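Residue-level listing of the chains:
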Amino acid sequence: MFEYAPAPESRSVVEIAPSYGLFIDGAFDAGKDTFKTVNPATEEVLTEVALAGPEDVDRAVAAARRASGPWSALPGSERAKYLFRIARIIQERSRELAVLESLDNGKPIRESRDVDLPLVAAHFFYYAGWADKLAYAGFGPEPRPLGVAAQVIPWNFPLLMLAWKIAPALATGNTVVLKPAETTPLSALFFADVCRQAELPAGVVNIVTGAGDTGRHLVEHPGVHKVAFTGSTEVGREIAGSVAGTAKRLTLELGGKAANIVFDDAPVDQAVEGIVNGIFFNQGHVCCAGSRLLIQESVYDEVLEALKRRMTTLRVGDPLDKNTDIGAINSAAQLARIRELSDVGAQEGAQRWSPPCELPDHGFWFAPTLFTGVTQAHRIAREEIFGPVLSVLTFRTPAEAVEKANNTPYGLSAGIWTEKGSRILAVADKLRAGVVWANTFNKFDPTSPFGGYKESGYGREGGRHGLEAYLA
């Protein structure tokens, strides 16, 4: 097979300032303390970012509360104008944003450019369309905004998770204080500039950067009416505990351990592409990743052989190279967890395999990996690894497939591969997962709700359902 020549996207299309402050009440504020954000592909320090303390969170919430009345009083058609404007600016500046996202996050530029950014703009366009139609959304004739929404987002899809949360909040008349992940704050700070360019009223969107303590101060703040969190199940439990007994509304989108089920009549080549996309997209840093592959025994050898053959063609390397399939792991801490659980899988008797893969000398990297001989008792089949690691199991009957797929504390997503529509419907109806894909995987649309069951959280984001979480 021929080799692709390097095709790097230019870093010069986006300008990164030496330091960034907090975005509060329509202006940047230097803040007292700072932390560094690094490029995970090179470990190069990109910039310094302000570290928000309790007094900074107080100021951000106060600004959001001041802006809440005037913003909610605007006619929906006027709020829609701002959202449409934001969506268009994102489209116009998408190349800058895609490069910035890949630098700060480590994901391949093809994904940030061709998947993340189009979806970000689409969410703002979609919810702009709802802003003047809330009375017809099915949540009562006069739905009212909750007030101030505290939103905490993860590092795997920084800008997309921002859009998932801010767009419906603004459309419904709420104001926002958002905290991006500590390792990926730059696209949120870029978005603050987009808000200024769109002339969004001061205080409607506020962005406070920091680590876990900053997020805790925000979600526990008495001036907040709504909390929306996407991240780990462990942190989600803590947030649920802190919100319990208060009047705050809460939505949680947490971890997952999705089953990708391949039946004996599945189109093998198509299924293999779906398997690869399901687990190796964004380095496996996906809550709904298809990290458990269930193959029907009669086609196990055929599917596994085709999968290994496809994995040998995956290109690991520079996230800014347009030919790269798998970029850098987001942080040293996440890489350590992936290595730890992978080592545990081998120690527990599963057979580990990776294609020949030369990893860069600097940065955080992990080769695409699969484990065979996995049982339900293995930790790699039970715990969320959040990396490019696939556990392969087998089944004989549809009933066994369903039982194994549901044998998890999570319930975020699942995939089914078969040529029989009746089988798709029968199996999907029995899977305890918020999203079930049929003959595809990891496909998203702003018109479709997304969320989980059990330890994958509760509430829905996206679609008409995503409005409900922000309406009284």
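Topic: the overall build of the protein
Piece 1. Tallying secondary structure elements over the protein gives 15 helices and 18 strands in all.
Piece 2. Relative to a compact globule of 472 residues, whose C-alpha radius of gyration would be 23 Å, the protein shows 22 Å and is just as compact.
Piece 3. Counting only C-alpha atoms, the protein reaches 65 × 50 × 35 Å along its principal axes.
Piece 4. Taking all 472 residues of the protein together, the buried fraction comes to 58%.
Piece 5. In the protein, the proportion of contacts linking residues at least 24 apart, taken out of those at least 6 apart, comes to 75%.

Re the sheet that holds strand 5 (residues 44-51)
Piece 1. Pairing in this open sheet of three strands is mixed, and the strands run 1-5-4 from one edge to the other. Edge positions in the sheet fall to strand 1 (19-20) and strand 4 (33-39), since each of these pairs with one other strand and no more.
Piece 2. Here strand 4 pairs with strand 5 via seven bridges, running antiparallel. Its bridge partner being in strand 5, aspartate 33 is matched across the sheet by leucine 51.
Piece 3. Packing against the sheet, helix 6 (residues 186-197) makes contact with strand 1, strand 4 and strand 5, and its axis sits at approximately 60° to strand 5.

Digging into the nonpolar core
Piece 1. Ranked by internal contacts, the top residues of the largest apolar core, which has 109 residues, are Ile90, Phe124 and Phe191.
Piece 2. At eleven residues, helix 5 (residues 158-171) tops the list of elements feeding residues into this core.
Piece 3. The residues contacting phenylalanine 124, other than those within four sequence positions of it, are Leu83, Ile86, Ala87, Ile90, Leu162, Ala163, Ile166, Ala167 and Phe191.
Piece 4. Of all hydrophobic cores here, the second largest spans 28 residues; its members include Leu294, Leu341, Phe364 and Val402.

Here we look at the packing of aromatic side chains
Aromatic ring pairs: the centre-centre distance and the angle between the two ring planes describe each pair.
Piece 1. All told, the structure shown has 13 aromatic pairs when counted by the stated rule.
Piece 2. Ring geometry for tryptophan 437 versus phenylalanine 441: centroids 4.7 Å apart, planes at 45°, classification tilted.
Piece 3. Residue tryptophan 437 is classed as buried on the basis of its relative accessible area of 7%.
Piece 4. Judged by its relative accessible area of 1%, phenylalanine 441 is buried.
Piece 5. Seen from their ring centres, tryptophan 437 and phenylalanine 444 are 5.7 Å apart, and the 85° between their planes marks the pair as edge-to-face.
Piece 6. Feature note: the residues Trp164, Trp437, Phe441, Phe444 and Phe450 constitute an aromatic cluster, connected by ring pairs.
Piece 7. In this structure, arginine 315 packs its charged tip against the face of tyrosine 4, placed 4.2 Å from the ring centre.
Piece 8. Lying across the ring of tyrosine 453, arginine 460 places its NZ or CZ 5.1 Å from the centre.

What about the sheet that holds strand 15 (residues 389-395)?
Piece 1. Judged by pairing direction, the sheet is mixed, and its seven strands sit side by side in the order 13-14-15-12-11-16-17 without closing on themselves. The open sheet is flanked by strand 13 (351-353) and strand 17 (435-438), the only strands paired with a single partner. Neighbour to neighbour, the strand axes of the sheet diverge by 20° on average, direction disregarded.
Piece 2. Contacting strand 11 (259-262), strand 12 (292-296), strand 14 (369-372), strand 15 and strand 16 (413-417), helix 9 (residues 268-280) crosses the sheet at an angle of about 170° to strand 11.
Piece 3. Contacts between helix 13 (residues 398-406) and the sheet are confined to strand 11, strand 12 and strand 15, with strand 12 contributing the most and set at about 170° to the helix.

Let's talk about the pairing of strand 17
Piece 1. In strand 17, alternate side chains face the same way, and those of Val435 and Trp437 are buried while those of Val436 and Ala438 on the opposite face are not.
Piece 2. The pairing of strand 16 with strand 17 spans four bridges and is parallel. Its bridge partner being in strand 17, alanine 414 is matched across the sheet by valine 436.
Piece 3. Between the parallel elements strand 16 and strand 17, the chain passes through helix 14 (residues 421-430) in a crossover that is right-handed.

Digging into the side chain of asparagine 260
Piece 1. Relative to the helices and strands, asparagine 260 is located in strand 11.
Piece 2. Among the residues examined, asparagine 260 registers a relative accessible area of 0% and is labelled buried.
Piece 3. Here asparagine 260 is in contact with Gly274, Ile275, Arg292, Leu293, Leu294, Gly415, Ile416, Trp417 and Phe441, once residues within four sequence places are set aside.

Points about the side chain of histidine 285
Piece 1. Considering the arrangement of structural elements, one finds histidine 285 in the loop between helix 9 and strand 12.
Piece 2. Accessibility expressed as a relative area gives 0% for histidine 285, which makes it buried.
Piece 3. Setting aside anything within four residues of it in sequence, one finds histidine 285 in contact with Trp155, Asn156, Phe157, Ala328, Ile329, Asn330, Gln334, Ile338, Phe386 and Gly387.

Observations regarding unusual backbone geometry
Piece 1. Even without a glycine there, the phi angle at glutamine 283 is positive, about 60°.
Piece 2. By the secondary structure assignment, glutamine 283 is in the loop between helix 9 and strand 12.
Piece 3. Among the residues examined, glutamine 283 registers a relative accessible area of 0% and is labelled buried.
Piece 4. Even without a glycine there, the phi angle at phenylalanine 386 is positive, about 60°.

Reading guide: rules and limits
- Residues numbered from 1 in each chain as written.
- Predicted model: local features only at pLDDT ≥ 70, side-chain atom pairs only at ≥ 80, totals over all residues.
- Heavy atoms only, no water.
- Helix = DSSP H or I, 4+ residues; strand = E, 2+ residues; numbered from the N terminus.
- Rg over C-alpha atoms; globule rule 2.2 N^0.38 Å.
- Buried < 20%, exposed > 50% of the residue type's maximum accessible area, 1.4 Å probe, protein only.
- Contact = heavy atoms within 4.5 Å.
- Pairing = 2+ DSSP bridges.
- Axes fitted to C-alpha atoms, helices over the stretch in contact; angles between N-to-C directions.
- Core = buried A, V, L, I, M, F, W, Y, C linked by side-chain atoms within 4.5 Å.
- Phe/Tyr/Trp six-rings, centres within 6.5 Å; stacked < 30°, edge-to-face > 60°.
- Lys NZ or Arg CZ within 6 Å of the ring centre and 35° of its normal.
- Right-handed = clockwise from strand over helix to strand, strands pointing away.

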